[in-house]
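Listed below, chain by chain, are the residues.
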Amino acid sequence: MANIQLYLFFPSPPCRSVRMTAKALGVPLELKQLNHVNKEHLSPEFLKTNPDHIVPTITDGDFTLWESRAIMRYLVGKFGGEDNSLYPRDLQKRAEVDRLLDYDLGVFYRAILETLMLPVRNRNTPTKEQEEQVVKAFNRIDTLLKDKKFLTGDHITIADFAMVVGFGSEFLFPGDMSNYPNAMAWYKRMQELPYYQEVNQPFFDYVENLKKLAGQTS
Ligand SMILES: N[C@@H](CCC(=O)N[C@@H](CS)C(=O)NCC(=O)O)C(=O)O
């Protein structure tokens, strides 16, 4: 037993990328759900663990860590053995994974969050500029995947986990996803992972529920 606690909200995208990393490594995590709907992440007890009150957060003995991409790197470093293709040791291969993780944090995930995800919760309409950002982001990863199975090559890495949780909101995109055939083929490969459904279904259920609630009050 790894004895690592993961504080999470099951539908949360960054929590899902951390869970998929742990599943890929075969590391069991002790899951501690904090229901955001009930604001459990703002409890005095959790604020002592993480004053930034965000999930995912892990505790490993006395050590506490948040930010999903840092957590994924930590888990592979701790449990991945000498060298692990999820986050390879080779400097240039690792740099490519890092580049995508940075792109995801600064551009890709933000575009998806603001344009596709938040409007469902906040019931607002994204601007034309925001929609263009998503089109640009989808085009970018479609081009990247032109001659690859996964984002950096033949092996899945933590960059695939980081980006698929954003990409999984494609069903909220009003445009035509057949414009991105390489990205969709990659998404299908990711969905075939044995743990994909278990980890990601709570998000789809959550969105479904938000849409139902919006329908009842509109
Ligand atoms: N960059 C962070 C984002 C974490 C984040 O925004 N988590 C959200 C849930 S998806 C959260 O805990 N929000 C609660 C809050 O900000 O109070 C990561 O990748 O871990």
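Refer to the preceding data block for the structure.
Residues numbered from 1 in each chain as written. Predicted model: local features only at pLDDT ≥ 70, side-chain atom pairs only at ≥ 80, totals over all residues. Heavy atoms only, no water.

Draft legend 1. Geometry of the site of the ligand. For the ligand, the full set of nearby residues is Ser12, Pro14, His36, His41, His53, Ile54, Val55, Pro56, Glu67, Ser68, Arg69 and Leu105. Taking Arg69, its side chain carries an N or O atom lying 3.0 Å from an oxygen atom of the ligand. The fraction of the free accessible surface of the ligand (510 Å²) that becomes covered by protein chains is 72%. A majority-of-atoms criterion places the ligand in the largest pocket. For the shell around the ligand, the residue count by class is five nonpolar, five polar and two charged. (Near = heavy atom within 4 Å. Polar contact = N/O pair within 3.5 Å; in protein donor to acceptor, adjacent residues only side chain to side chain. Areas by Shrake-Rupley, 256 points an atom, 1.4 Å probe, with all protein chains shown as cover. 1 Å grid on protein atoms, 1.4 Å probe; cavity = no way out; pocket = protein on both sides within 12 Å on 5 of 7 lines; lining within 4 Å. Sits in = over half its atoms within 2 Å of the grid points. Nonpolar A, V, L, I, M, F, W, Y, C, P; charged D, E, K, R; others polar.)

Draft legend 2. Here's a closer look at the layout of surface pockets. Roughly 920 Å³ of volume is contained in the largest pocket. Contributing to the lining of the largest pocket are 34 residues, with Ser12, Pro13, Pro14, Tyr109 and Leu113 lying nearest its centre. At the level of elements, α1 (13-25), α3 (68-79), α4 (91-122), α6 (158-167) and α8 (196-217) are the ones that each hand at least two residues to the lining of the largest pocket. Among the elements that make up the lining of the largest pocket, the one with the highest residue count is α4 (ten residues). Taken together, the residues of the lining of the largest pocket break down into 21 nonpolar, six polar and seven charged. Both domains that meet at the lining of the largest pocket, namely domain 1 (4-79) and domain 2 (91-217), each give it at least three residues. Its volume calculated, the second largest pocket comes out at about 210 Å³. Together, Asp83, Ser85, Pro88, Asp90, Lys93, Glu96, Val97, Thr152, Gly153, Asp154, His155 and Thr157 line the second largest pocket. (Points joined across faces, edges and corners; volume = space filled by probe spheres on them. Helix = DSSP H or I, 4+ residues; strand = E, 2+ residues; numbered from the N terminus. Domains from an automatic or database assignment.)

Draft legend 3. Layout of the environment of Pro14. Relative to the helices and strands, Pro14 resides in helix α1. Under the relative-accessibility criterion, Pro14 is labelled partly exposed at 22%. Residues Pro14 and Arg69, 55 residues apart in the sequence, show an inter-C-alpha distance of 8.1 Å. (Buried < 20%, exposed > 50% of the residue type's maximum accessible area, 1.4 Å probe, protein only.)

Draft legend 4. Spatial organisation of the packing of α3 against α6. Interhelical geometry of α3 versus α6 gives an angle of 150 degrees and a closest axis separation of 10 Å. The angle between α3 and α6 falls in the class roughly antiparallel. When the axes of α3 and α6 are compared, the crossing they make is right-handed. Contact residues: Met72, Arg73 and Val76 in α3; Ile158, Phe161 and Ala162 in α6. Of the residues that constitute the contact of α3 with α6, the class distribution is five nonpolar, no polar and one charged. (Axes fitted to C-alpha atoms, helices over the stretch in contact; angles between N-to-C directions. Parallel < 35°, antiparallel > 145°, perpendicular 65-115°, else oblique. Left-handed = near helix turned anticlockwise from the far one by under 90°. Contact = heavy atoms within 4.5 Å.)

Draft legend 5. Summary view of the packing of aromatic side chains. Enumeration according to the criterion identifies 16 aromatic pairs in this entry. With a centroid separation of 5.2 Å and an interplanar angle of 85 degrees, the aromatic rings of Phe138 and Phe173 are classed as edge-to-face. Here Phe138, found in helix α5 (residues 128-144), pairs with Phe173, found in the loop between α6 and α7 (181-191); they are 35 residues apart in sequence, far enough to count as distant. On the accessibility criterion, Phe173 (10% relative accessible area) is buried. Arranged with centres 6.4 Å apart and planes meeting at 80 degrees, the rings of Tyr187 and Tyr196 form a pair that is edge-to-face. With a relative accessible area of 3%, Tyr187 lands in the buried category. Ring pairing ties together the aromatic residues Tyr103, Phe108, Phe138, Phe167, Phe173, Tyr180, Trp186, Tyr187 and Tyr196, which thus form one cluster. Positioned over the ring face of Tyr103 is Arg140, at 4.2 Å from the centre of the ring. (Phe/Tyr/Trp six-rings, centres within 6.5 Å; stacked < 30°, edge-to-face > 60°. Lys NZ or Arg CZ within 6 Å of the ring centre and 35° of its normal.)

Draft legend 6. Quick look at the sheet that holds strand β3 (residues 57-60). If you trace the four strands from one edge of the open sheet to the other, you get β2-β1-β3-β4, paired in mixed fashion. The sheet is open, and its two edges are formed by β2 (29-33) and β4 (63-66), each paired on a single side. Shown here is a sheet whose adjacent strand axes are inclined to one another by a mean of 20 degrees, direction ignored. Where β3 lies against β4, four bridges are found, and the strand directions are antiparallel. By the bridge assignment for β4, Thr57 is matched with Trp66. Relative to strand β1 (residues 4-8), α1 is tilted by about 155 degrees, and along the sheet it contacts β1 and β2. (Pairing = 2+ DSSP bridges.)

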